[in-house]
Amino acid sequence: MTLPTLPESKDHNLRLPDGRRLAYAIYGAPVGMPVLYFHGAPGSRRSVFPDMAAAAAQRGVRLIVPERPGYGLSDLSVGRSVDDWTADVKVLTDALGVDRFSLIGFSMGSLYALACAHALPAQVERVAIVGGLAPLSVAGVDAGRPAEMRALYDLARDDPRALPDAMAPLAGSAAGLIDTMAALGSDVDRELLAARRPEFEADFAETLRGGAEGVAGDVVLAANDWTFPLEEILAEVDLWVGTEDCNTPPAMSRHLASVLPRCRLFDLPGEGHYCLYTRWQEILGRLMA
């Protein structure tokens, strides 16, 4: 398949009140419906591939992709909280003059999308969660995860200071990180990672620009108790999950569906964790509805 060629999105930087740099990229329509995309772990401002940017432009979507602390060009924030991210997003949207927006949270980004929907109800219109996480305190939601992944999250909960060292081997190269993700994924995910390997390598290289501490910080926050009640989120939420997803198993999305007041669950038979990349048009279409 020949992918469309678009001018590369320019990198943007915002200086936050505490002096940190928040990096982000903007894709799609220069003036259009604002949608913030929260990347996974691994992921970065480069997680939006050319065909995805083209689809956003065609639909009139202004796609804003901020990098969380420690990813890509965003400064690390030691000891950060999920609430810190919602505050960063408020500063970013205020700086961009964005009063209301929708959200896409992919994988690890789902934690932060749901947190923003809770913290910023007057601004968040709709939410799309793809391969969503659920609180690990809920029994059974991680039963389908590989043992290696469960062990990493156990370490994040029990000894978070040891996590960066445990994850250091992942920071060796983007190629090695892709191989690790493929080894932990389903057959359908391995096929998708192989088919789009150059794009994922570029994305994961940005993930690791400053090491793996940004990813480690995310894992710690996801592994411990979530600090906001899901049942208080009033925005409409679409939950997209592949039945072959073993990174964030379907039980996680089904738990979210059981507690979110206004949501719709889309089960995708035979698809995996990276269904974001095959269902992008439909995800945008639902947000625009």
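Residues numbered from 1 in each chain as written. Predicted model: local features only at pLDDT ≥ 70, side-chain atom pairs only at ≥ 80, totals over all residues. Heavy atoms only, no water.

**Side note on the layout of surface pockets**
Filter applied, for reference: In this analysis the probe radius is 1.4 Å and the grid spacing 1 Å, with only protein atoms considered; a cavity is a set of points the probe fits into but cannot get out of, a pocket is an open set with protein on both sides within 12 Å along at least five of seven lines, and lining residues have an atom within 4 Å of a point. Grid points are joined across faces, edges and corners, and a volume is the space filled by probe spheres set on the points. Helical segments are the DSSP runs of H or I of at least four residues, strand segments are the runs of E of at least two, and each set is numbered from the N terminus. Each residue gets one of three labels, nonpolar for Ala, Val, Leu, Ile, Met, Phe, Trp, Tyr, Cys and Pro, charged for Asp, Glu, Lys and Arg, and polar for the others, Gly among them.
By volume, the second largest pocket is sized at about 390 Å³. For the second largest pocket, the lining is made up of 24 residues, of which Met149, Leu152, Met167, Leu170 and Met181 are closest to its centre. Secondary-structure elements contributing two or more residues to the lining of the second largest pocket are helix H4 (147-158), helix H5 (163-167), helix H6 (174-184) and helix H9 (213-223). Tallied by class, the residues present in the lining of the second largest pocket amount to 17 nonpolar, 5 polar and 2 charged.

**A word on the packing of aromatic side chains**
This is how the line gets drawn: In summary, the pairing rule links any two rings of Phe, Tyr or Trp, Trp by its six-membered ring, whose centres are within 6.5 Å, and it sorts them by plane angle into stacked for under 30 degrees, edge-to-face for over 60 and tilted for everything else. Type-normalised accessible area, obtained with a 1.4 Å probe on protein chains alone, sets the label of each residue: buried when under 20%, exposed when over 50%, and partly exposed for intermediate values. We count a charge as sitting over a ring when the NZ of a lysine or the CZ of an arginine lies within 6 Å of the ring centre and within 35 degrees of the ring normal.
The final tally for this structure, using the stated rule, is 13 aromatic pairs. Where phenylalanine 49 meets phenylalanine 200, the ring centres are 5.2 Å apart and the plane angle is 85 degrees; that geometry is what we call edge-to-face. Of this pair, phenylalanine 49 sits in the loop between strand S3 (33-38) and helix H1 (50-58) while phenylalanine 200 is found in helix H8 (residues 197-207), placing the two residues 151 residues apart along the sequence. The pair phenylalanine 49 / phenylalanine 200 is uniform in exposure class, with both members buried. An aromatic cluster of at least three residues, connected via ring pairs, comprises Phe49, Phe106, Phe200, Phe204, Tyr274 and Tyr277. The residue whose ring lies beneath arginine 68 is tyrosine 71, and the NZ or CZ to ring-centre distance is 5.2 Å. Sitting over the ring of tyrosine 153, arginine 145 keeps its end group 4.3 Å from the ring centre.

**Considering unusual backbone geometry**
Trans is the common state for peptide bonds, and a negative phi is the common state for residues other than glycine. The step from alanine 41 to proline 42 runs through a cis peptide bond, and the omega angle for that step is 15 degrees. The topology assignment puts proline 42 in the loop between S3 and H1. At serine 107, a residue that is not glycine, the phi angle is positive and equals roughly 55 degrees. The buried category is assigned to serine 107, whose relative accessible area is 8%.

**Observations concerning the environment of phenylalanine 228**
This is how the line gets drawn: Note on contacts: a residue pair is in contact if any heavy atoms of the two residues lie within 4.5 Å.
Locating phenylalanine 228 in the fold gives a position in the loop between H9 and strand S7 (236-242). Taking the C-alpha atoms as reference, phenylalanine 228 lies 8.9 Å from leucine 114; in sequence the two are 114 residues apart. Not counting chain neighbours up to four residues away, the residues in contact with phenylalanine 228 comprise Val82, Leu111, Leu114, Ala115, His118 and Ile233.

**Observations regarding the nonpolar core**
If you look at soluble globular proteins, the nonpolar side chains tend to sit buried side by side. Note the threshold: Nine residue types can take part in a nonpolar core, namely buried Ala, Val, Leu, Ile, Met, Phe, Trp, Tyr and Cys, and a core is a set of them joined through side-chain atoms within 4.5 Å.
Within the largest apolar cluster, 52 residues are counted, with the highest numbers of intra-cluster contacts made by Phe38, Leu103, Leu114, Val127 and Phe228. At 7 residues, helix H3 (residues 109-119) tops the list of elements feeding residues into this core. Membership of the second largest hydrophobic core comes to 39 residues, among which are Ala25, Tyr37, Ala53 and Tyr274.

**Side note on the state of the cysteines**
Structurally, a disulfide amounts to a covalent bond that connects the sulfur atoms of two cysteines. Quick reminder of the rule: In plain terms, two cysteine sulfur atoms within 2.5 Å form what is called a disulfide here.
The final tally for this structure, using the stated rule, is 0 disulfides. Of all cysteine sulfurs, the one in cysteine 275 lies closest to cysteine 263, which takes part in no disulfide; the gap is 16 Å. No disulfide involves cysteine 275; its nearest neighbouring cysteine sulfur is the one of cysteine 246, lying 12 Å away. Relative accessible area serves as the criterion here: at 2%, cysteine 275 is assigned to the buried category.

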